[in-house]
Each structure stands twice: as C-alpha cells, then as structure tokens.
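# Structural description and commentary
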Amino acid sequence: MPIWETLSHAQHASLRVSRAHDGERQFAQIVADEFLQAAPYYAVLFTKHPETGAFYAGVVMGLEPGRNMMAVNGALPDYRPADLERQGFYIADGQLVVDRQHGVFAGPDGQLLFDMNGEAALPLKRIQQALHVLQSGIPETDALIERFLAHRLLEPIDVTMNFDDGEHLRLEGLYTISLDTLHALPDAAVLDLFRTGDLQLAYAQAGSIRHLRTLGRIRNNRLADVG
C-alpha cells in the first residue's frame, strides 16, 4: 500500500530521490510538448488506457515489461520524460505529496530534495516542473489526439521482432500516425494541421518509430555479448 505524505522540509529534509528506478520502466507517458524532445531518442507511440479505452501517448524504452533497454546503470542518459521525472510524486488537493513506498526513494545514488537552507534543490525543482508539464500537457494532448482521430490518422502498428536466438517478440496495443491517410487529406485539412502545429508533431511521431529497430539491435547485441 502506498504511504502518502505531504512533502515538507520539516519531515523530508533527509529524503533522497534516485533515477536508478528508470531501468524498470519499459514505457512512459508523454505529452504533446515532449514529442519533439523525445522523438530523437525513443519511439513515440499511442496506446489505450486499459480502464477507459482512451488514447494517450508514450515512449517505448524496452521490449519486455520491467526492463528499460535505453537506461545506463539504471538511469536514462538522454531525454527524461516528465512521467519518469515525477515518479513517486503527485499532486493532491493542490499539495505536493510523496509515496514513500516508491522505488525512487530506495536507490543507492539518491539526491536530496532540499538544500541546506530548506529550499527546493535541483532534483525537487525538476520534479515540480515535470508535474507542471503533465498537469497542463495532458488535456492539451487529449485534444491533439482527438484532432488526429477526427482525421482518422491513428492506425495500429505491427511490432513483431525475430531475434538471433530464435525468440519471437510482439508488442501489442500500439498505434501510430498513418502517413498514407495524412498524405490523402484535403489541402485545407493539412493547412489546418500545419497552422496548429499538429503536422510537425505527426511527422515527429511517425519518424520516431525507427527507434524500435534500435531496441531490437540492442537486444541482439546483448545476446552476442553473452554468447
């Protein structure tokens, strides 16, 4: 069970947060404002909430649950999505709360949240910024996805991989922008997508799926290293 506590210097002056928990995250939600930052490093794809069926966007960082293949020594060396940055931290009734049972507080390389003067240290400032990005970005991303759906731009993507050890792997429930559908849109619709900035995000997302091949190559390379 989570142990929820309102964050305060008085109670959490010695609390440390670690990035080593990144290594256990195969997938992380992102918002529209993160697409251009995340796309150079990860495959940005869409999936559905299991409870509601609503689409949301995220980055694929591994091929198996609980394993982040992009992490180095447990932490991401490149862009770190806000969803990872704020792990263990939430907003409740306008207050910043922490889940003391979360793995980010158990890492060996944790950094203090508060400085010697009791002010927010850099790790806490990053967490606060990440929560702000998510709080404002989730409704904006929902609206973006609705516009994509209105143009029927989302389609399932077949992610099937065959590895050198003979193993087959398939990722289910992922969606991408259909470039064929996008290119068939009327000029007025494309102009509207361009002016809203949606067109840039659509191409960034579609181009990012090349990183799925990177994940496959990493896995094969690791098999060779073991062998």
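Anything mentioned here points back to the structure above.
Residues numbered from 1 in each chain as written. Predicted model: local features only at pLDDT ≥ 70, side-chain atom pairs only at ≥ 80, totals over all residues. Heavy atoms only, no water.

## Side note on the nonpolar core
If you look at the biggest cluster of nonpolar residues, it comprises 49 residues, and the most contacted ones within it are Phe46, Val60 and Leu212. The element best represented in this core is strand β5 (residues 55–60), accounting for five residues. In terms of nonpolar packing, the next biggest core, distinct from the first, is built from 14 residues, Leu15, Phe89, Val104 and Leu113 among them. (Core = buried A, V, L, I, M, F, W, Y, C linked by side-chain atoms within 4.5 Å. Buried < 20%, exposed > 50% of the residue type's maximum accessible area, 1.4 Å probe, protein only. Helix = DSSP H or I, 4+ residues; strand = E, 2+ residues; numbered from the N terminus.)

## A look at the pattern of salt bridges
What the rule picks out here adds up to twelve salt bridges. Salt-bridge contacts for Glu85 lead to Arg80; the nearest nitrogen and oxygen are separated by 2.7 Å. Classification of Glu85 by relative accessible area gives buried; the value is 13%. A relative accessible area of 10% places Arg80 in the buried class. (Salt bridge = Lys/Arg side-chain N within 4 Å of Asp/Glu carboxyl O.)

## Things to note about the packing of aromatic side chains
For the structure shown, the criterion picks out seven aromatic pairs. Summarising the aromatic geometry, the rings of Phe35 and Phe46 are spaced 6.2 Å apart at their centres and angled 55 degrees between planes, so their arrangement reads as tilted. Separated by eleven residues along the polypeptide, Phe35 in helix α2 (residues 35–38) and Phe46 in strand β4 (residues 43–48) bring together distant segments of the chain. Considering the side-chain rings of Phe46 and Phe148, the 6.3 Å spacing of their centres and the 80 degrees angle between planes classify their relative orientation as edge-to-face. Placement of the pair is Phe46 in strand β4 and Phe148 in helix α4 (residues 122–150), with a sequence separation of 102 residues. Here Phe46 matches Phe148 in class, with each residue buried. Ring-pair connections join several aromatic residues into one group, and the members of that group are Phe35, Phe46 and Phe148. (Phe/Tyr/Trp six-rings, centres within 6.5 Å; stacked < 30°, edge-to-face > 60°.)

## Description of the pairing of strand β7 (residues 95–99)
Taken across its five residues, β7 has four buried, putting it largely inside the fold. Of the pairings in the sheet, the one linking strand β1 (residues 4–6) to β7 comprises three bridges and is antiparallel in character. Bridging across to β7, Trp4 finds its partner in Asp99. Of the pairings in the sheet, the one linking strand β6 (residues 89–92) to β7 comprises four bridges and is antiparallel in character. Paired with Phe89 across the two strands is Val98, which belongs to β7. Where β6 folds back on β7, the antiparallel hairpin that results is connected by two residues, among which Asp93 adopts a positive phi of roughly 55 degrees. (Pairing = 2+ DSSP bridges.)

## Side note on the sheet that holds β6
Taken together, three strands build an open sheet; the order of strands is β1-β7-β6 and the sheet is antiparallel. Only two strands of the sheet have a single neighbouring strand rather than two, namely β1 and β6. Each neighbouring strand pair of the sheet contributes to a mean axis angle of 40 degrees, computed without reference to strand direction. In this fold α4 packs onto β6 and β7, with an angle of close to 55 degrees to the strand it touches most, β6. (Axes fitted to C-alpha atoms, helices over the stretch in contact; angles between N-to-C directions. Contact = heavy atoms within 4.5 Å.)

## Notes on the side chain of Arg219
For Arg219, the location among the structural elements is in helix α8 (residues 211–226). When its relative accessible area of 9% is taken as the criterion, Arg219 is described as buried. Polar contacts involving the side chain of Arg219 include one to the side chain of Glu167, which spans 2.6 Å. Those residues in contact with Arg219 that lie beyond four places of it in its chain are Leu63, Glu64, Met69, Phe163, Asp165 and Glu167. (Polar contact = N/O pair within 3.5 Å; in protein donor to acceptor, adjacent residues only side chain to side chain.)

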